[in-house]
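Each chain, letter by letter, is given below.
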Amino acid sequence: MRRKKGNRGLAFLLAVVLITVMIPVSVSAEEVSAAAETDSVSGTESIADADSVFETENTVVTENVIEAESVLETESEAETESAVPTVQYQVHVAKKGWMDTVSEGTVAGTTGESLAVEAFSVSLTNTDSDEWAGSGIEYSAHVQSIGWQTAVSDGAVAGTTGLSKRVEAVTIKLTGAVAEHYDIYYRVHVQSYGWLDWAKNGEKAGSSGYAKRVEAIQIVLVEKGGSAPGSTSRPYVYSRVSSQAYVQTFGWQSSVTENSVTGTVGAGKRLEAVEFQLSSEIEYSGSIQYQVYVQSYGWMDWKADGALAGTTGQSKRIEAIRIKLTGDVANYYDVYYSVHMSKIGWSGYVSNGGTAGSTELSKRIEAVRVCLVKKGVDTAPDTSGTTYVQGYSSGQFTYSAQIVGGSSTGTVAQGSTLGVTGQSKQLQNITLYLDRTSTSIPTGTIQYATHVSSSGWTGWSACGVSSGSSDSSKGIEAVKIQLSGNLANYYDIYYRAYVEKYGWLGWAKNGQAAGTTGISYRLEALQVVLVPKDADPPGTNANYYTSQKVPDPITIVDAMHAKAMQYSSTTQYLIMVDRDSHKVGIFTGSKGAWKYVYKWDCANGKSSTPTIGGVFTVQNKGYYFDSGSSRCYWWTQFYGNYLFHSVLYNKNGTLQDGRVGMALSYGCVRLQIENAKWIYDNIPRGTTVVVY
């Protein structure tokens, strides 16, 4: 019940009642005295009658006094009730303007219309009496892009109008005598959150850091000692921690609020540096500390409270993160965080210094989310799913072999050469080993098979089991290696063979055959590497297997042939033009292995119009062109206006000049018509042409 106010008109009203009831008593006494004088005989009876009259009229007086007091009581109660303080308030809503004034817990504003409160005013009524002298109400607004405004009081406007700026939070408190007898409670309806809980006496209500609008307000007075109008556990929400990230290509992003994504998702961009900071509104002292695992550097030093962790301008990815709280704040809050890993997605949340991400996997972190959870109050986020993956170090994957003849290679770490090169020694068998003792490494195993001379392919062997020949007279010619289980989700396995006569072949991977079969060539050495799927391979995945013998050595025919061996071509052909000997050579094969197809005489440019020298490529082709009275057939361009074409003909098709084997052209290379047509028909565009 609200406190009642006393009635100061009580004495005056009682006096009026007494005067009113006394007048009829005096008149009755005089009348009794006169009766006694005129009727002495019956004086005693008259006196008795007078007493009776007095009794009767005194009864009336008493009843009148009681009625008067009853009326006074009723009036006093009505007057007391009207003097109880009341809170009134009004809000200015976007697109609507000032709404009607309401009081005592009535909703001011809107819900469900997505309209912001932009300003409000609050006042007290029924505080004019001396008892409430000096009483007032003071309030403030947290406004979009402005922050907390200076407090105003007693009906003044808090917030803004005409600027389209939302109110995000409020504080309200009583001042003066009314604050001694009442608490003021208030709550706000906030975008995305709905009604928050009740705040009181200057506490903050609403949100900050989330850019959320207040949409409605309720305010009520409660006598001291009275119950709150509802829950008071969560009247105000704010971002307790902020995050900022430096992202590949984009640089520094804007700071984000608690549990928001900092970084990128779906853009394939690495995080290179991060900063985290606790809100100044947290009521406890302490720090947030964080540590990052960076490409090629490993774990870097711990940083705290907005300091940069990681690198900028070095193109180094962050692969793992640890975050923890220190000081008093750690007694009341836990810090939770989750990372978005390339090709995996969001990890489960980890807390208080646990590792999120991966190491030894070359896997970039692309984004991170951080939040604080109040111990015993807030619900922790989901911690299920993958949180940390530890890659295999070089010492956790090893292999060994026997060499035909009985000697052992010993055990070597991944990437090292198993066996020897250049000594004509064949591997007899191989054994692979994988250390899977850590619980954070991917599960699964490695399987391998070998092709043994005169026996063929073995079945698949698991780690620790030898594959190859048990006969010391037989050896390995090829190998296949593959991954199983979760290991295959994180890694590719690459391997290459050193083979008799070929040397090192290209890199095979994930079960492909490496080496040779069917030609009885020794596999003399082997290299094997576990490669994270996000890392670069050790080499090109090509030319890792053959069943073709090495061709016999090519005999160099002449100087043109020797010179041709120095050049490569994007096609299987090469054309050489010797201007001094007036020869054209057509070759097939590849660099270092060219063989003659044809060698022809030609007529190249005379001294005044020489044929251009250099390395060129075949371009356009055509049937014929005319030059003056001459016609040239089956032309093939190799540079600008320089062409291979036939000797000169008249336009009627008769031969005009069929000479070759000398310098007499205007720069083109003339050939007998059948030779020019062979180039036209057989040499692809892009073929290398060397003129020297």
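Residues numbered from 1 in each chain as written. Predicted model: local features only at pLDDT ≥ 70, side-chain atom pairs only at ≥ 80, totals over all residues. Heavy atoms only, no water.

Draft legend 1. Representation of the environment of Glu168. Mapped onto the fold, Glu168 is located in strand S10 (residues 167–175). Separated by 42 residues in sequence, Glu168 and Tyr210 place their C-alpha atoms 8.9 Å apart. Discounting residues that sit within four places of it in the chain, Glu168 has contacts with His142, Gln144, Gly206, Ser207, Ala211, Lys212 and Val214. (Helix = DSSP H or I, 4+ residues; strand = E, 2+ residues; numbered from the N terminus. Contact = heavy atoms within 4.5 Å.)

Draft legend 2. The arrangement of the layout of surface pockets in detail. Considered as a void within the structure, the largest pocket measures approximately 790 Å³ in volume. Mapped by element, the contributors of at least two residues to the lining of the largest pocket are strand S13 (199–200), strand S16 (236–238) and strand S30 (365–374). Per-element tally for the lining of the largest pocket: the top contributor is S30, with 4 residues. (1 Å grid on protein atoms, 1.4 Å probe; cavity = no way out; pocket = protein on both sides within 12 Å on 5 of 7 lines; lining within 4 Å. Points joined across faces, edges and corners; volume = space filled by probe spheres on them.)

Draft legend 3. Broad picture of the packing of aromatic side chains. Evaluated as defined, the whole model comprises 29 aromatic pairs. Aromatic pair Trp132 and Tyr182: ring centres 6.2 Å apart, planes at 55°, arrangement tilted. Taken together, the residues Trp132 in the loop between strand S5 (117–125) and strand S6 (136–143) and Tyr182 in strand S11 (residues 182–190) connect sequence positions 50 residues apart. What makes Tyr182 buried here is its relative accessible area of 1%. Consider the rings of Tyr284 and Tyr333, whose centres lie 6.3 Å apart with planes at 65°: the pair is edge-to-face. Taken together, the positions of Tyr284 in the loop between strand S20 (271–278) and strand S21 (287–294) and Tyr333 in strand S26 (residues 333–341) put the pair 49 residues apart, joining distant regions of the chain. Its relative accessible area of 23% is what places Tyr284 among the partly exposed residues. Given a relative accessible area of 3%, Tyr333 falls into the buried group. Aromatic rings pair up to connect Tyr623, Tyr624, Tyr633, Trp634, Tyr649 and Tyr680 into one cluster. A cation sits over an aromatic face here: Arg369 above Trp346, 3.8 Å from the ring centre. Above the face of the Trp504 ring, Arg496 is positioned so that its terminal group lies 4.4 Å from the ring centre. (Phe/Tyr/Trp six-rings, centres within 6.5 Å; stacked < 30°, edge-to-face > 60°. Buried < 20%, exposed > 50% of the residue type's maximum accessible area, 1.4 Å probe, protein only. Lys NZ or Arg CZ within 6 Å of the ring centre and 35° of its normal.)

Draft legend 4. Representation of unusual backbone geometry. Phi is positive for Asp154, which is not a glycine, with a value near 50°. Within the secondary structure layout, Asp154 lies in the loop between strand S8 (152–153) and strand S9 (158–159). Asp154 gets classed as partly exposed once you look at its relative accessible area, which sits at 47%. Positioned with a positive phi, Asn352 is a non-glycine residue whose angle comes to about 50°. Examined against the element boundaries, Asn352 turns out to sit in the loop between strand S28 (350–351) and strand S29 (356–359). Asn352 sits in the partly exposed class, given a relative accessible area of 40%.

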